[in-house]
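Close look at the chain arrangement
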Amino acid sequence: MASSKLVKAILDPKKNWFAALHKKTIDNRLRKYGLRYDDLYDPMESLDIKEALDRLPREIVDARNQRILRAMDLSMKHEYLPKDLQAQQTPFRSYLTDMLALVEREKAERQALGALPLQQRTLP
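Residues numbered from 1 in each chain as written. Predicted model: local features only at pLDDT ≥ 70, side-chain atom pairs only at ≥ 80, totals over all residues. Heavy atoms only, no water.

1. What to know about the environment of Ala87
On the secondary structure map, Ala87 appears in helix 5 (residues 83–88). When its relative accessible area of 61% is taken as the criterion, Ala87 is described as exposed. A C-alpha to C-alpha distance of 9.6 Å links Ala87 and Gly34, two positions 53 residues apart in sequence. (Helix = DSSP H or I, 4+ residues; strand = E, 2+ residues; numbered from the N terminus. Buried < 20%, exposed > 50% of the residue type's maximum accessible area, 1.4 Å probe, protein only.)

2. Quick word on the packing of helix 3 (residues 47–55) against helix 6 (residues 97–113)
When two helices pack together, their arrangement is given by the angle between the helix axes and the distance between those axes. Taken N-terminus to C-terminus, the directions of helix 3 and helix 6 make an angle of 120 degrees; their axes are 9 Å apart at the nearest point. Taken as axis vectors, helix 3 and helix 6 run oblique relative to one another. The way helix 3 lies across helix 6 gives a crossing that is right-handed. Along the contact surface, helix 3 presents Asp48, Ile49, Glu51, Ala52 and Arg55, while helix 6 presents Met99, Leu100, Leu102, Val103, Glu104, Glu106 and Lys107. Looking at the contact of helix 3 with helix 6 residue by residue, the classes come out as 6 nonpolar, no polar and 6 charged. (Axes fitted to C-alpha atoms, helices over the stretch in contact; angles between N-to-C directions. Parallel < 35°, antiparallel > 145°, perpendicular 65-115°, else oblique. Left-handed = near helix turned anticlockwise from the far one by under 90°. Contact = heavy atoms within 4.5 Å. Nonpolar A, V, L, I, M, F, W, Y, C, P; charged D, E, K, R; others polar.)

3. Looking at the packing of aromatic side chains
Think of a pair of aromatic rings as described by two things: how far the centres are apart, and how the planes are tilted against each other in angle. Under the definition given, this model contains 3 aromatic pairs. Geometrically, the ring pair formed by Tyr33 and Tyr80 is edge-to-face, given 5.5 Å between the ring centres and 70 degrees between the ring planes. One end of the pair, Tyr33, is in helix 2 (residues 17–33); the other, Tyr80, is in the loop between helix 4 (58–77) and helix 5, with 47 residues separating them in the sequence. Classification of Tyr80 as partly exposed rests on a relative accessible area of 46%. Cation over ring: Lys23 sits above Phe92, and NZ or CZ is 5.1 Å from the ring centre. Sitting over the ring of Tyr80, Lys32 keeps its end group 4.9 Å from the ring centre. (Phe/Tyr/Trp six-rings, centres within 6.5 Å; stacked < 30°, edge-to-face > 60°. Lys NZ or Arg CZ within 6 Å of the ring centre and 35° of its normal.)

Here it is in C-alpha cells:
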C-alpha cells in the first residue's frame, strides 16, 4: 500500500519536477504532429482498446484516423505542423480513456461472475 502511494507521488507531474518535464516533452512532441495521447493506443495491441474504439461515435474515430494519417504524412515528409496549428492542439484531451475504463470494468465483472469473455479470439 505504501509503495503504491510512493509510485503515484513519483509519477505525479504536480509533485515531481522530472515527471512534469517528461509530460512537457511528450506534449511538445505530440503537438508537432497534431496527435493526442489517446491516438497512441494501438487497437491491435489489445482487444479492450479495439472494443473501446468500436463503441465510440463514428466522428470521433474518424477524427482520430485523420490525425494519425496527418502525422504519418508529416513524418514521411520530415516536417512538422505550422506553429499556429501546433498552438491549437490539445494533446492530453482524452476521448478514449473513459470508454477503455468502462470496457475493462465490464471485462472484470464478467470474469467475477464466471461468464464467457466477450472476445474469444486472439490477435495475430
